[in-house]
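Take a look at the letters that make up each chain.
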There are 2 protein chains.
Amino acid sequence: MVESVRPSAGCGRVPVKRVAGDRLEVTADVFADGHDRVAAALRVKHEGWGRWREVPMEPLGNDRWAARVELDALGRWRYVVRGWVDRFATWRDELERRVAGGQDVKVELLVGAQLVDEAAANAPQAVAQRLRVRAERLLSAGRSTDPADLGGALDEELASVMAIHGVRPHPCESPELELWVEPLLARFSAWYELFPRSLGAPDEHGTLRDVEAELPRIAEMGFDILYLPPVHPIGRTARKGRNNTEAAEPGDVGSPWAIGAAEGGHQAVLPELGTLDDVSCLASACREHGIELALDLAFQCSPDHPWVTEHPTWFRHRPDGSIRYAENPPKRYQDIYPLDFESEDWDELWNGLLGVVRFWIERGVTVFRVDNPHTKPFAFWEWMIGEIKRERPDVVFLSEAFTRPRVMERLAKIGFTQSYTYFAWRTAKWELIQYLTELTQTEVAEYMRPSFWPNTPDILTEQLQIGTRATFAARLVLAATMTASYGIYGPAFELMERRPLRAGSEEYLDSEKYQLRDWAAGPDGTLAPLITSVNRARRDHPALQRNDTLRFHSVDNDMLIAYSKSDPDAGDTVLVVVNLDPNYTQSGWIDLDVDALGIDPSSPIQLVDLLGGDTYIWSGARNYVELRPSDCPAHVFHLRRYLRTEHDFEYFA
Amino acid sequence: MVESVRPSAGCGRVPVKRVAGDRLEVTADVFADGHDRVAAALRVKHEGWGRWREVPMEPLGNDRWAARVELDALGRWRYVVRGWVDRFATWRDELERRVAGGQDVKVELLVGAQLVDEAAANAPQAVAQRLRVRAERLLSAGRSTDPADLGGALDEELASVMAIHGVRPHPCESPELELWVEPLLARFSAWYELFPRSLGAPDEHGTLRDVEAELPRIAEMGFDILYLPPVHPIGRTARKGRNNTEAAEPGDVGSPWAIGAAEGGHQAVLPELGTLDDVSCLASACREHGIELALDLAFQCSPDHPWVTEHPTWFRHRPDGSIRYAENPPKRYQDIYPLDFESEDWDELWNGLLGVVRFWIERGVTVFRVDNPHTKPFAFWEWMIGEIKRERPDVVFLSEAFTRPRVMERLAKIGFTQSYTYFAWRTAKWELIQYLTELTQTEVAEYMRPSFWPNTPDILTEQLQIGTRATFAARLVLAATMTASYGIYGPAFELMERRPLRAGSEEYLDSEKYQLRDWAAGPDGTLAPLITSVNRARRDHPALQRNDTLRFHSVDNDMLIAYSKSDPDAGDTVLVVVNLDPNYTQSGWIDLDVDALGIDPSSPIQLVDLLGGDTYIWSGARNYVELRPSDCPAHVFHLRRYLRTEHDFEYFA
């Protein structure tokens, strides 16, 4: 029997995700009835290989087996675990015990000769020849009268050849499991979102060229991805005015998500921003700064989109012949026409949308933030992402779905690379621990890569609205260190913008979604130096580039949260402590989970704060922490273990 | 999407088990992309039905749905969950909101008319007629100029007809799951094991007739199943002597598990015990006492078994032509020939063994204790039990496998009704809690029904060897109240026999496996009165007849263990407290999990001890307990809740 293969998700029906360079560890329960010994192998195949590779599995005890394989190629892999009864090993094991017990084993040697002969019959010629010689030796030993002549039955060499070439009766295979290997950026990324149109001189519409000028600053802060809201022509019909008012005033720029105008649709660029070539240039310029350019895939149209006249069947019509605009009754969004993914011409529409993605990939864009994917069919995304990934396994899709948990999980299961989360609304210690435990320690972690955003142009949480500089700082550190991917709606977060449209709303006042903004630092200054420190810590420390090793540590103060991440291969461990109270100094005693950290509580550890640079020495599991919101509300400690040297000087590594 | 259907085991590949009269509650995640409303139904089919039954599911929130079905027939059931987009409900919901928002809904009424018309096209004639009338009403309302005329669009009646007959686009079904419904005895049973041959007059071989004479006593003690070791002729070749010595003395009776002699094999009765008819008579007599007779299925042979000559191919041969006897090198068991389930004549052998089971079922035996099933192929058991269950779904098979966890679980997965467990060796509080949590609160509970045996003829644990009367009493209460099925090797347990063959051995001295025993009470007397009380509590309290509601309660003393079981339908709750220390009085404070018990900590509860009869009144969650091993080391409390009456007298129910 082969059972409980790990990793797996959705009972093996959901591909698990890893990144290039990961080592995949596969475990499984492999066992048989009776007392025979079993053997097991992990079989793996990359989509580009002609045949399967086999890696022997090692027993871990209690019928659990394990093997590891290096994931050295992007794309789809498949893996299965195969188990079988190892007749030769069983025979050899019993023979050893018979010999030790002083029994006559002559007849058993004849049995062994048969096993070796059977193996020879199926082995490649060179091996078969050697095996036949060994079978002969066993046979003659079995017939000899010398009780000490075992015919080499217990030789290690024979055992290892038989382990590979022995006949494998009753082989049993797990279902075939699928694995997607993606670039490191899929797991580890810091996103920076901005509206290019606000980058112009005062009262002038910014351009993609203006974005290029910002790149050194964004790169200096340590971001990996620059994400721009839709860059396409914006509809004029029913255009929304400033602060989402019903009627735009002359000169109002409209929402970039109302895509399509006379100038073109999803494959065009708003003339005020620049040209198609400007997008390609910006993508190249980004890459020179170690940044990937991300565009927005918002599959919806303004009433002025060319598709409305070119492809009327791509939209839903009402019995009176009018096209259905977006609605959430009684609310109406007359500036948006949803696409009808179930229209009679659905295949033409789906291919058209696939074409849009290919179009931008050809222009150098490999990262996409997908707008509201949960309002389009799961089947479409599964197909579209599958098609793109076959051609370009390095492409990253971030799912912008803020909806029910099962729907968000399903989008991740069908191929989205990263997912927005509920992080913005998880503020208390208990709920952060509960949510992170679900995201990192359950099956969800196999297919869903959370991206933590403390704000977006749509989300200015109440916590930020009523918060202080310390609130923004704490939320930044939490987002950037709890999960390996995070992002900020950049200028607003850097400058701690927190004025809501009105009380009870999560919309920004004077939102950039509907107007240009002239970003300038206020009395709180800027968080840029902290952001830079945090991103540097993320880049310097492999522990912060993964989620699976996240562990929480107990602190006797509900306003202080403590957690660690480690990368055993790199020998890297980071411990983060955050004061969740933006107003008051909080202190408490932390009980380190020394087993999870792999530290010896009887030796001191050195903690270097990667934000402030201060150094502390801690002893044992229980230590004191105190954080003042007026300074920095968080420690991001690099843990250095004490190494005893021959002279017993203190030395930390 | 339909996901995560519960109950399920092994990703839906393992049948889940229930007993007749249970109500099956099925839950599943059912959801769709977009904002459309979904609907879901549970579909069930007993193997004897021609078609599927459909039960509508109700939403529990967070995309989880539930439905219940009464399991009113023994045998195999299948069930699936089906989900679909409910277009009419979506339309109706939006229409309500449009109307509430004061919108013109004329065009929407035309949309509704279309939906009702489509439903009519697929509905049975009578319904179709009514639907067409409703569609007409909607159509004319849509065309009328009266804004208040909704054409009955929001009628509850229309909604309920459309819920059943509306067209169901994009239906989605879970994989088909399997469920075995077995008799209550499968879940709730008290086993009593005895060797009939010891029941004769002093130095005389007991008979099956002697067993009949014991039945009133066994029934009085409250047992449900009487299990006899193999009743077949016993081999003479290499027969083991008393205390498992190599050579039997003349007159030694041999081990009943060395099956087969000149007098016959698995379908014969040892002449000293009686005849085939005596087995049938005993089975009938048992049933008159409310007891089922259980026989032993030990599929192995003595060298004298008729099959050895009739079917030599059913045994494994060595290259020198001799038949392989049982071995665990260097140990040899020359009195036992294992059957070769992989022989060339395997199908003949398998059918022969199936015939053995059918043979005894025809003679009135419906319960079997299966000896060492893990040493025979899983495939054989799955096939054999499947064949029997198709004919007789009431038959019970108890798996006597004391082996590795995955193997024991697999035997349960492939059809064994009950399983022996590691209970005999789980003695400390922490390990009992850990083991019971695994057995009752994880997926294992869906397919494996544990049977707790404090002793067997093969297992006299060290704990019992060094124990006192209180040890036996405590182990009895634990076995009988932690799981709904338990058993004892009767005479030895009743009389607290605890002399081992030798120090370090779990074998009994003068074991009944090799000789007759004259059972007589020693200085410790008998546990029969306690056994009688415990079994009466089990029969009177439905809470003790199930495992799923087991919950542990914290006690601030590691020598005291406390747990409860409840049956919400019967309004029955039992709380058990056991002193695990056989030597000293132990006391402590118990913290009741009042939520699990469903009690109001602000009202007193009355506790009636079903063993001693004493009554206590407790208030609040924290209460004091003290147990003296010299009395009874356990409380089995029936919890009675305080009911406030109109005159506010105390009243408990």
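Above this text is the structure in question.
Now for a description of the structure that goes with this document. Computed from a predicted model, the values in this text were never measured in an experiment. (Residues numbered from 1 in each chain as written. Chains lettered and ligands numbered in written order. Predicted model: local features only at pLDDT ≥ 70, side-chain atom pairs only at ≥ 80, totals over all residues. Heavy atoms only, no water.)

Once turned by 180° and shifted 0.1 Å along the axis, chain A lies on chain B with an RMSD of 0.1 Å. The symmetry that links the two subunits is that of a two-fold axis. Among all C-alpha atoms of chain A, that of Cys11(A) lies closest to the rotation axis, at 2.8 Å. Most of the interface of chain A is mirrored in chain B: 100% of its interface residues are interface residues there too. (Least-squares fit on C-alpha atoms with pLDDT ≥ 70 in both. Contact = heavy atoms within 4.5 Å.)

For the structure shown, the criterion picks out 111 salt bridges over all chains. The shortest N-O distance in the salt bridge between Glu3(A) and Lys413(B) comes to 3.2 Å. Separated into two different chains, Glu3(A) in strand β1 (residues 2-6) and Lys413(B) in helix α11 (residues 405-413) make up a pair that spans both. For Glu3(A), a relative accessible area of 8% puts it in the buried group. Overall, Lys413(B) belongs to the buried group, its relative accessible area being 14%. Put simply, Asp93(B) and Arg97(B) hold a salt bridge, and the shortest N to O gap is 3.4 Å. Here Arg97(B) and Asp93(B) lie together in helix α1 (residues 87-100), a separation of 4 residues that amounts to about one turn. For Asp93(B), a relative accessible area of 24% translates into the label partly exposed. The class of Arg97(B) is partly exposed, set by a relative accessible area of 28%. (Salt bridge = Lys/Arg side-chain N within 4 Å of Asp/Glu carboxyl O. Helix = DSSP H or I, 4+ residues; strand = E, 2+ residues; numbered from the N terminus. Buried < 20%, exposed > 50% of the residue type's maximum accessible area, 1.4 Å probe, protein only.)

Another aspect to go through is the nonpolar core. The biggest cluster of nonpolar side chains holds 154 residues, and the ones touching the most others in it are Leu226(A) and Phe397(A). Residue contacts for Phe397(A): discarding those within four places in its chain leaves Leu297(A), Val357(A), Phe368(A), Val370(A), Met384(A), Ile385(A), Ile388(A), Phe416(A), Thr417(A) and Gln418(A). Judged by nonpolar contacts, the second largest core, of 153 residues, contains Leu353(B), Ile388(B), Leu432(B) and Leu530(B). (Core = buried A, V, L, I, M, F, W, Y, C linked by side-chain atoms within 4.5 Å.)

Residues and elements named next belong to chain A. Ordered in space as β28-β27-β30-β25-β24-β23-β26-β29, the 8 strands form an open sheet in which the pairing is antiparallel. Strand pairing shows two members of the sheet lacking a second neighbour, β28 (615-618) and β29 (622-627), which therefore form its edges. Neighbour-to-neighbour, the strand axes of the sheet open up by a mean angle of 30°, direction not taken into account. Of the strand pairs in this sheet, strand β27 (residues 605-609) and β28 are connected by 4 bridges, and their pairing is antiparallel. Among the inter-strand pairings, Val608 is bridged to a residue of β28, identified as Thr615. This element, helix α11 (residues 429-441), spans β23 (551-555) and β24 (560-567) of the sheet and lies at about 160° to β23. Its contacts with the sheet put helix α13 (residues 469-482) on β23, β24, β25 (572-579) and β30 (634-641), and the angle it makes with β24 is roughly 30°. (Pairing = 2+ DSSP bridges. Axes fitted to C-alpha atoms, helices over the stretch in contact; angles between N-to-C directions.)

Looking now at the sheet that holds strand β3 (residues 23-30) of chain B. Residue and element names in this part refer to chain B. Here 4 strands make up an open sheet; going across it, the order is β1-β3-β7-β6 and the pairing antiparallel. This sheet does not close on itself; its edge strands, each paired only once, are β1 (2-6) and β6 (58-61). Looking at each pair of strands side by side, their axes are set apart by 30° on average, direction ignored. Of the pairings in the sheet, the one linking β1 to β3 comprises 3 bridges and is antiparallel in character. Within β3, the position partnered with Arg6 by the bridge is Thr27.

Our focus in this paragraph is the packing of aromatic side chains. Summed over the entire model, instances satisfying the criterion amount to 70 aromatic pairs over all chains. What links up through ring pairs into an aromatic cluster is the set Phe299(A), Phe341(A), Trp346(A), Trp350(A), Phe380(A), Trp381(A), Trp383(A) and Phe416(A). The ring centre of Phe423(B) lies 4.0 Å from the NZ or CZ of Arg475(B), which sits over that ring. (Phe/Tyr/Trp six-rings, centres within 6.5 Å; stacked < 30°, edge-to-face > 60°. Lys NZ or Arg CZ within 6 Å of the ring centre and 35° of its normal.)

Function-wise, these values are silent; they only describe arrangement.
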